[in-house]
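# Architecture at a glance
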Amino acid sequence: MVKLPIYLDNNATTPVDPRVLEAMMPYFTEHFGNAASRHHPFGWEAEEGVEYARTQVAKLIGADPKEIIFTSGATEADNLAIKGVFEMYASKGNHIITVNTEHKAVLDTCKHIEKLGGEVTYLTVNHEGLIDLRELEAAIKPETILIAIMYANNEVGVLQPVKEISAIAHRHGVLFFTDATQAAGRVPVDVTKDGMDIMAFSAHKMYGPKGVGALYVRRKNPRVKITAQMDGGGHERGMRSGTLNVPGIVGMGQACEICRLDMTEELKRVKALRDKLENGLLEIEETYFNGYKEERLPGVSNIAFRYVEGDALMMGITKSIAVSSGSACTSASIEPSYVLKALGLGDDLAHSSLRFGVGRFTTGEEIDYAIEHIRETVAKLREASPVWEMFKEGAEMNSVEWAHH
Ligand SMILES: *Cc1c(COP(=O)(O)O)cnc(C)c1O
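Residues numbered from 1 in each chain as written. Predicted model: local features only at pLDDT ≥ 70, side-chain atom pairs only at ≥ 80, totals over all residues. Heavy atoms only, no water.

An unreviewed UniProt entry annotates the protein chain as Cysteine desulfurase IscS of Filimonas zeae. UniProt annotates the protein chain under Sequence similarities (unreviewed entry) with the comment "Belongs to the class-V pyridoxal-phosphate-dependent aminotransferase family. NifS/IscS subfamily." Under the UniProt heading Catalytic activity (unreviewed entry), the entry covering the protein chain gives this text: "(sulfur carrier)-H + L-cysteine = (sulfur carrier)-SH + L-alanine". (UniProt positions renumbered as here; feature names shortened; annotations may be inferred.)

Set out below in structure tokens:
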């Protein structure tokens, strides 16, 4: 018997791995010191915990520990990267290139930059969610200082060609920043091989605690500088002031280490479960896959259930299965996902889409239950739907405004 509700929203957040919690616990009580206290063992112990975590985090992404700055999460890291570069490189230019399927933490930061007098180009994506590299290169101008393109999309999981993007950026002497929050810990991310200059990621998307993240800032070839956005005691090499969240950072370190050691095996297992779920759901009549099947995160699947009202579907399954429509940050509103719309879906199909996120602790029984329960719910909703009846009767659907996928 499966335990309900089933959690299939691992792209919104992940549970803390018990091994991570275990590593964190002593840092709340015994080793509670301020990592910046230089004159007693309480401070030294805390600092030791932080510095060990820094090596663990760096190792996951092929970086040097000195290149890691701890933040309160990926939102802060995104803000620090974009605003920090904009300020630091103001004498070089004011133009930033990004993509319209980025997370709000990047898009809204770019909007802010525009208010400050910056210029932002928002690239579009194809129906699979991929950018066009020629369009990217054509958008570069002498004033361009930064390309901000995410590693993996949080709604459909599509992986952008980061290696090619960094090659283009460097050919033009432009910095490349990537929001790797969904990718780090889930697929092999390597700042040396992939070539990004700045990279944001977060602990709570990789079985670590909430409220802690990191920004990678390259120290050579080229040496990247960013202007601090938080003034104060000069922690984190002056780039992020504020007393360090020692237990959180220790947890992030441990989470990174587990991801690094288990990645090959976990990637296969999660992908197999995701594929089983996806194939099961796509067997339902009039369901469509959203995104790019070839290059994407192992755990995510975004599926449109045509002729089903999105909210009703969500309501129908939400008691037993936790999933997401649109991104978690915008799902409070009834607006359909801007990411799916950017992929070319019409309002209706975007509204009828759900994101499934399989994770480390998902079981095969849970997947079986989910397929069955969703199949039944979709059938029930369609039975009561006049649009479905029309479809079934072979009505002329062109007269009804459905987006073609
Ligand atoms: C979750 C997420 C964020 C925000 O991360 P927080 O640590 O919750 O601030 C940013 N970007 C992407 C792609 C995400 O998935």
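Now, onward.
### Some details on the site of the ligand
Near the ligand, the surroundings consist of 13 residues, among which Thr75, Asp179, Gln182, Ser202 and Lys205 are the closest. Note that an oxygen atom of the ligand is positioned 2.8 Å from one of the side-chain N or O atoms of His204. Interatomic distance of 2.7 Å between a side-chain N/O atom of Lys205 and an oxygen atom of the ligand. In isolation the ligand offers 380 Å² of accessible surface; the protein chains occlude 87% of this area. By residue class, the composition of the shell around the ligand is two nonpolar, eight polar and three charged. (Near = heavy atom within 4 Å. Polar contact = N/O pair within 3.5 Å; in protein donor to acceptor, adjacent residues only side chain to side chain. Areas by Shrake-Rupley, 256 points an atom, 1.4 Å probe, with all protein chains shown as cover. Nonpolar A, V, L, I, M, F, W, Y, C, P; charged D, E, K, R; others polar.)

### Here we look at the packing of helix α9 (residues 310–317) against helix α12 (residues 364–383)
Contact geometry of α9 with α12 gives a least axis separation of 10 Å together with a crossing angle of 135°. On the basis of their axis angle, the class for α9 and α12 is oblique. As α9 runs across α12, the sense of the crossing is right-handed. Across the interface between the two elements, Ala312, Leu313, Gly316 and Ile317 of α9 pack against His373, Ile374, Thr377, Val378 and Leu381 of α12. Residue classes in the contact of α9 with α12 are distributed as six nonpolar, three polar and no charged. (Axes fitted to C-alpha atoms, helices over the stretch in contact; angles between N-to-C directions. Helix = DSSP H or I, 4+ residues; strand = E, 2+ residues; numbered from the N terminus. Parallel < 35°, antiparallel > 145°, perpendicular 65-115°, else oblique. Left-handed = near helix turned anticlockwise from the far one by under 90°. Contact = heavy atoms within 4.5 Å.)

### Here's the deal with the sheet that holds strand β10 (residues 300–305)
Strand order across the open sheet formed by three strands is β9-β10-β12, with antiparallel pairing between neighbours. Bordering the open sheet on either side are β9 (287–290) and β12 (353–357), each of which pairs with just one other strand. Between one strand axis and the next, the sheet turns through 30° on average, direction left out of account. Relative to β12, β10 runs antiparallel, the two being bridged by five bridges. Bridging across to β12, Ala304 finds its partner in Ser353. Along the sheet, helix α8 (residues 246–282) contacts β9, β10 and β12; its crossing angle with β10, the most-contacted strand, is approximately 5°. (Pairing = 2+ DSSP bridges.)

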